[in-house]
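Letter by letter, the chains look like this.
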Amino acid sequence: SQTIHQWPATLVQPVGSPLSLECTVEGTSNPNLYWYRQAAGRGLQLLFYSVGIGQISSEVPQNLSASRPQDRQFILSSKKLLLSDSGFYLCACHRDQGAGELFFGEGSRLTVL
Amino acid sequence: GQSLEQPSEVTAVEGAIVQINCTYQTSGFYGLSWYQQHDGGAPTFLSYNALDGLEETGRFSSFLSRSDSYGYLLLQELQMKDSASYFCAITGGFKTIFGAGTRLFVKA
């Protein structure tokens with residue numbers, strides 16, 4: 001079965017500092033990968049998705065970027081964090097390549113001060 | 001573009017039945033899914049409807065009407081542990097877009 005690892009689980013960063021969140025997937029190959037962000041008490045906003053190594057589609061223009069250096073690795077980055085970047089970042093993939101079910105990692109909770 | 005609407009909050013008593021509605025607007029649609037999220041946790045998948053009709057999984061059922069761009073999640077025999085946020089989501093192409101979520105409060 002599939003497993004998604006995300007780290008760090010929690011981090012507190014000052015405004016203007018860089019960010020790197022990592023996501024690795026086990027138990028599947030060539031997955032479609034997704035980054036979502038959830039502000040406190042809100043829904044999930046799709047940030048980026050990737051259908052293969054080096055292929056990144058951006059859904060929301062912002063100061064974040066994503067990269068996929070390996071088949072099962074997805075990285076979310078920022079050069080300079082904003083207060084509005086605070087939130088719960090979730091990495092996801094489809095369960096067993098099916099279109100219906102998204103399977104999420106445990107998330108990375110970011111607080112920008 | 002794509003958008004979904006669902007109620008922000010629903011309150012029900014333990015043992016009751018509750019229905020959470022979801023209407024959507026989209027072009028290019030594969031299906032409607034539902035997710036549950038407890039405070040502090042990640043969303044977990046509940047159900048997926050690719051075709052019109054009712055899908056039943058234990059105490060949870062989900063319905064889709066593609067002609068009405070409408071679906072609902074039905075929770076039966078409510079338990080306290082069902083208190084959580086519930087999200088409808090539409091899948092089209094490579095993307096899954098989520099609604100803002102419905103907060104369900106189950107009272108004793």
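All values reported here derive from a predicted model rather than from experimental measurement. (Residues numbered from 1 in each chain as written. Chains lettered and ligands numbered in written order. Predicted model: local features only at pLDDT ≥ 70, side-chain atom pairs only at ≥ 80, totals over all residues. Heavy atoms only, no water.)

Things to note about the pattern of salt bridges
- Tallying each qualifying case throughout the model produces five salt bridges over all chains.
- Where Glu 59 of chain A meets Lys 95 of chain B, a salt bridge forms, and the shortest distance between an N and an O atom there is 3.2 Å. Placement of the pair is Glu 59 of chain A in the loop between β6 (55-58) and β7 (64-70) and Lys 95 of chain B in strand β10 (residues 95-98), with the two residues belonging to separate chains.
- When its relative accessible area of 28% is taken as the criterion, Glu 59 of chain A is described as partly exposed.
- Residue classification places Lys 95 of chain B among the partly exposed residues on the basis of a relative accessible area of 21%.
- In this structure, Asp 39 of chain B and Arg 103 of chain B form a salt bridge, with 2.6 Å as the shortest nitrogen-oxygen distance. Remark: Arg 103 of chain B occurs in strand β11 (residues 102-107) and Asp 39 of chain B occurs in the loop between β4 (31-37) and β5 (44-49); sequence separation between them is 64 residues. (Salt bridge = Lys/Arg side-chain N within 4 Å of Asp/Glu carboxyl O. Helix = DSSP H or I, 4+ residues; strand = E, 2+ residues; numbered from the N terminus. Buried < 20%, exposed > 50% of the residue type's maximum accessible area, 1.4 Å probe, protein only.)

Brief notes about the side chain of Gln 37 of chain B
- The topology assignment puts Gln 37 of chain B in strand β4.
- Only 2.8 Å separates the side chain of Gln 37 of chain B from the side chain of Gln 38 of chain A, close enough to count as a polar contact. (Polar contact = N/O pair within 3.5 Å; in protein donor to acceptor, adjacent residues only side chain to side chain.)

A word on unusual backbone geometry
- Look at the link from Trp 7 of chain A to Pro 8 of chain A: it is a cis peptide, with omega at 0°.
- For Pro 8 of chain A, the location among the structural elements is in the loop between β1 (3-7) and β2 (10-13).
- Phi at Asn 30 of chain A takes a positive value of approximately 50°, unusual for a residue other than glycine.
- Tracing the chain through its elements places Asn 30 of chain A in the loop between β3 (19-26) and β4 (33-38).
- Residue class for Asn 30 of chain A comes out partly exposed when judged on its relative accessible area of 44%.
- The backbone phi angle of Glu 77 of chain B is positive, close to 45°, even though this residue is not glycine.
- Of note, Glu 77 of chain B is situated in the loop between β8 (70-75) and β9 (84-92).
- A relative accessible area of 55% places Glu 77 of chain B in the exposed class.

Concerning the pairing of strand β6 (residues 53-57) of chain B
All names here are of chain B.
- Direction of pairing for β6 relative to strand β7 (residues 60-65): antiparallel, over a ladder of five bridges. Counterpart to Thr 57 in the pairing with β7 is Phe 60.
- Here β6 folds back onto β7 in antiparallel fashion, the turn holding two residues, of which Gly 58 has a positive phi close to 65°. (Pairing = 2+ DSSP bridges.)

Focus: the state of the cysteines
- Taken as a whole and assessed by the stated rule, the structure comprises two disulfides over all chains.
- Each sulfur in the disulfide pair Cys 23 of chain A and Cys 91 of chain A lies 1.9 Å from the other. Looking down the S-S bond of the Cys 23 of chain A and Cys 91 of chain A bridge, the torsion is -65°, so its handedness is left-handed. Here Cys 23 of chain A is found in strand β3, whereas its partner Cys 91 of chain A is found in strand β9 (residues 87-94), with 68 residues between them in sequence.
- Overall, the relative accessible area of 0% leaves Cys 23 of chain A in the buried class.
- By relative accessible area, Cys 91 of chain A is classed as buried at 0%.
- Between the sulfur atoms of Cys 22 of chain B and its disulfide partner Cys 88 of chain B the distance amounts to 2.1 Å. As the torsion about the S-S bond is roughly 75°, the Cys 22 of chain B-Cys 88 of chain B disulfide counts as right-handed. Of this pair, Cys 22 of chain B sits in strand β3 (residues 18-25) while Cys 88 of chain B is found in strand β9, placing the two residues 66 residues apart along the sequence. Each member of the pair Cys 22 of chain B and Cys 88 of chain B is classed as buried. (Disulfide = S-S within 2.5 Å.)

Overview of the interface of chain A and chain B
- Across the contact, 22 residues belong to chain A and 18 residues belong to chain B.
- Taken over both partners, the interface formed by chain A and chain B buries close to 1,500 Å², and the fraction arising from carbon and sulfur atoms is 61%.
- Summed over the three residues of chain A that lose the most area to chain B, namely Leu 44, Gly 100 and Phe 104 of chain A, the buried surface amounts to 27% of that side.
- Where chain A packs against chain B, one counts one salt bridge.
- Elements represented by at least two residues in the side of chain A that touches chain B include exactly β4, β5 (44-52), β9 and β10 (102-104) of chain A.
- When its residues are assigned to classes, the side of chain A that touches chain B shows eleven nonpolar, six polar and five charged. (Contact = heavy atoms within 4.5 Å. Buried area = accessible area lost by both parts, 1.4 Å probe. Nonpolar A, V, L, I, M, F, W, Y, C, P; charged D, E, K, R; others polar.)

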